[in-house]
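Below are the chains, spelled out letter by letter.
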Amino acid sequence: MSPRPVVNSAWAQVIRGGAALAAGMGVGRFVYTPILPLMTSGAGLSATSAANLATANYVGYLIGALMGVCAPAAVRAPVVFRGSLITLVLTLAAMPLTHNTILWSALRLLAGVVSAVIFVAAVAALLDHLPDHHAHRVGWSVGGVGAGIALSGLLLLVLRSVGDWRVAWWASAVLAAVLALGSWQLRLDPVADTRAATSGGGTHRWFLALLTSYSLEGIGYIIAGTFLVAAISHGTHGSLGTVAWVLVGLSAVPSAAAWAWLSHRWSRPSLLFVALILQALGIALPTIVEGTAAALVSAVLFGATFLGVATLALAAGTHLRYPRSVALLTAGYSVGQILGPLVVTPLLRHGYHQALILASLIVLAAAVAAAALRIGYPTAERLEAAAGARSARS
């Protein structure tokens, strides 16, 4: 029997990784956004409680991300990865079994932990097992997050007329289970990457600008990611908010790969600045212009940028060779996500528009930090020369 072609093996890894990210992030983490209006109307969930549930999920995600930093070998073990997939499905299925906000918060906290574990394990598996000349396919796999968002949004569109918030959670659990099965055979390496980090030496000021930008993005993007559907749905009839969420997912599917491709022609700081400006515009648009067209354009702009920003920022941190750059950026982003819902909670009593305006301003501040990153941003050749000079002195 002839060996399986490398290209087929690579695409299998891409598909399995995408399924894992669709289950863990697209459904397990973000399905709360389109279900939120149903819980508000059907389960009596207040705006403050809605923000608290979101915060619990983001705290869980930070815990899971820190687990990936402190115990990478454990997180990358197949038994932990598969156990996290099962736990995620169970947390989704358990949501309709109670009306207690404390129990809901505990379930969303646990869902956040396992979502982060799934994300870390899946991305590590993609980077470990895809050859260098297939590295661009990682972007398509990351697009699985958008696919999960779109699939869950389409599912809720179908269920709106036949079920309530309970049915929505149970159906989401079934969808996550199907995606989990698709990712079950993802090739994982339980041995953590032990390569020493290479210090970028004099890149501290650029990394500080990058960390500032990415942490602010964590605050601004998560406000929109949590409340955009509710804001669009508020005061309207029908399923416009859910349709907008489907568009967010569909726009996100190719975005990471597209922004990565663009980085071959333009610098990452410049692209990061552009992506953040577009995202800020998309978040603010429904508060400035009423109507279906504005809502749908907002969804497309948001979906086309939020995964692209993450891809560009993490790649820029790696380029700068700053020690533990990915871990530090992820931590800053996670802290931002925890702060986001808390920052806007006092504004929610007046509806969602003020929260979106604040989110847009925060993302604009992130764009300013990205512009500062662009000034004197070192090339790969410059970093190589600096590393060589330090080596010669030592």
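The rules behind the values
Residues numbered from 1 in each chain as written. Predicted model: local features only at pLDDT ≥ 70, side-chain atom pairs only at ≥ 80, totals over all residues. Heavy atoms only, no water. Helix = DSSP H or I, 4+ residues; strand = E, 2+ residues; numbered from the N terminus. Buried < 20%, exposed > 50% of the residue type's maximum accessible area, 1.4 Å probe, protein only. Contact = heavy atoms within 4.5 Å. Areas by Shrake-Rupley, 256 points an atom, 1.4 Å probe, with all protein chains shown as cover. pLDDT = per-residue confidence, 0-100. Salt bridge = Lys/Arg side-chain N within 4 Å of Asp/Glu carboxyl O. Phe/Tyr/Trp six-rings, centres within 6.5 Å; stacked < 30°, edge-to-face > 60°. Lys NZ or Arg CZ within 6 Å of the ring centre and 35° of its normal. Patch = residues over 30% accessible without salt bridge, like charges linked within 9 Å, V, L, I, M, F, W, Y side chains within 5 Å. Expected span 1.5 Å × (residues − 1). Axes fitted to C-alpha atoms, helices over the stretch in contact; angles between N-to-C directions. Parallel < 35°, antiparallel > 145°, perpendicular 65-115°, else oblique. Left-handed = near helix turned anticlockwise from the far one by under 90°. Nonpolar A, V, L, I, M, F, W, Y, C, P; charged D, E, K, R; others polar.

### Brief notes about the overall build of the protein chain
Along its length, the protein chain carries 17 helices and zero strands. Classification of the 394 residues of the protein chain by burial places 53% in the buried group. Relative to all contacts within the protein chain whose residues are 6 or more apart in sequence, the contacts with residues 24 or more apart total 86%. As presented, the protein chain carries roughly 16300 Å² of accessible surface, and 68% of it is formed by carbon and sulfur atoms.

### Digging into the confidence of the model for the protein chain
Looking at the protein chain, the pLDDT average stands at 83 and 87% of residues meet or exceed 70. Put simply, helix 17 (residues 380-393) is where the protein chain has its lowest mean pLDDT, 58, and helix 5 (residues 78-94) is where it has its highest, 96. Here residues 192-198 is a poorly scored stretch, pLDDT under 50, and it has nine contacts once near neighbours within four places are set aside; other chains count.

### Topic: the pattern of salt bridges
The final tally for this structure, using the stated rule, is one salt bridge. As a salt-bridge pair, Asp-164 and Arg-166 come within 2.9 Å of each other at their nearest N and O atoms. In this structure Asp-164 comes out as partly exposed when scored by relative accessible area, which is 33%. The class of Arg-166 is partly exposed, set by a relative accessible area of 27%.

### A look at the packing of aromatic side chains
Applying the stated criterion to the full structure yields 10 aromatic pairs. Consider the rings of Phe-30 and Trp-245, whose centres lie 6.4 Å apart with planes at 55°: the pair is tilted. With a gap of 215 residues between them, Phe-30 in the loop between helix 1 (6-27) and helix 2 (32-42) and Trp-245 in helix 11 (residues 240-252) connect regions that are remote in the sequence. Across this residue pair, the class does not change: Phe-30 and Trp-245 are buried. With a centroid separation of 6.1 Å and an interplanar angle of 70°, the aromatic rings of Phe-30 and Phe-306 are classed as edge-to-face. With Phe-30 in the loop between helix 1 and helix 2 and Phe-306 in helix 14 (residues 292-319), the pair connects residues that are 276 residues apart, well separated along the chain. Accessibility classification places Phe-30 together with Phe-306 in one group, the buried group. In this structure, Arg-29 is placed above the aromatic ring of Tyr-61, and the distance from its NZ or CZ to the ring centre is 3.9 Å. In this structure, Arg-205 is placed above the aromatic ring of Trp-206, and the distance from its NZ or CZ to the ring centre is 4.1 Å.

### Here's the deal with a nonpolar patch on the surface
Together, Phe-273, Val-274, Ile-277, Leu-278, Ile-357, Leu-361 and Leu-364 give the surface a local cluster of nonpolar side chains, amounting to about 520 Å² of exposed area. At the level of secondary structure, the elements contributing two or more residues to the nonpolar patch comprise helix 13 (268-288) and helix 16 (353-374). A total of four residues in the nonpolar patch trace back to one element, the largest contributor, which is helix 13. Here Leu-361 shows up in helix 16. On the accessibility criterion, Leu-361 (52% relative accessible area) is exposed.

### Points about helix 5
Here helix 5 is 17 residues long and its end C-alpha atoms lie 24 Å apart, about the 24 Å a rise of 1.5 Å per residue gives. All buried positions along helix 5 are accounted for by Phe-81, Ser-84, Leu-85, Leu-88, Val-89, Thr-91, Leu-92 and Ala-94.

### As for the packing of helix 10 (residues 204-233) against helix 14
Contact pair helix 10 / helix 14: the axes reach a minimum separation of 11 Å and the direction vectors enclose 155°. Of the possible angle classes, the one that applies to helix 10 and helix 14 is roughly antiparallel. You can see that helix 10 and helix 14 cross each other, and the crossing is left-handed. Residues Leu-210, Tyr-214, Glu-217, Tyr-221, Ala-224, Gly-225, Leu-228 and Ile-232 of helix 10 touch helix 14, and the partners they reach there are Ala-295, Ser-298, Phe-302, Phe-306, Val-309, Ala-310, Ala-313, Leu-314, Ala-316 and Gly-317. Tallied by class, residues from the contact of helix 10 with helix 14 come to 14 nonpolar, three polar and one charged.

### Some thoughts on the packing of helix 14 against helix 15 (residues 325-344)
Following both chains from N to C, one finds helix 14 and helix 15 inclined at 145°, their axes separated by 9 Å at the closest point. The hand of the helix 14/helix 15 crossing is right-handed. Contacts from Ala-313, Leu-314, Gly-317 and Thr-318 of helix 14 reach helix 15 at Ser-325, Val-326, Leu-329 and Thr-330.

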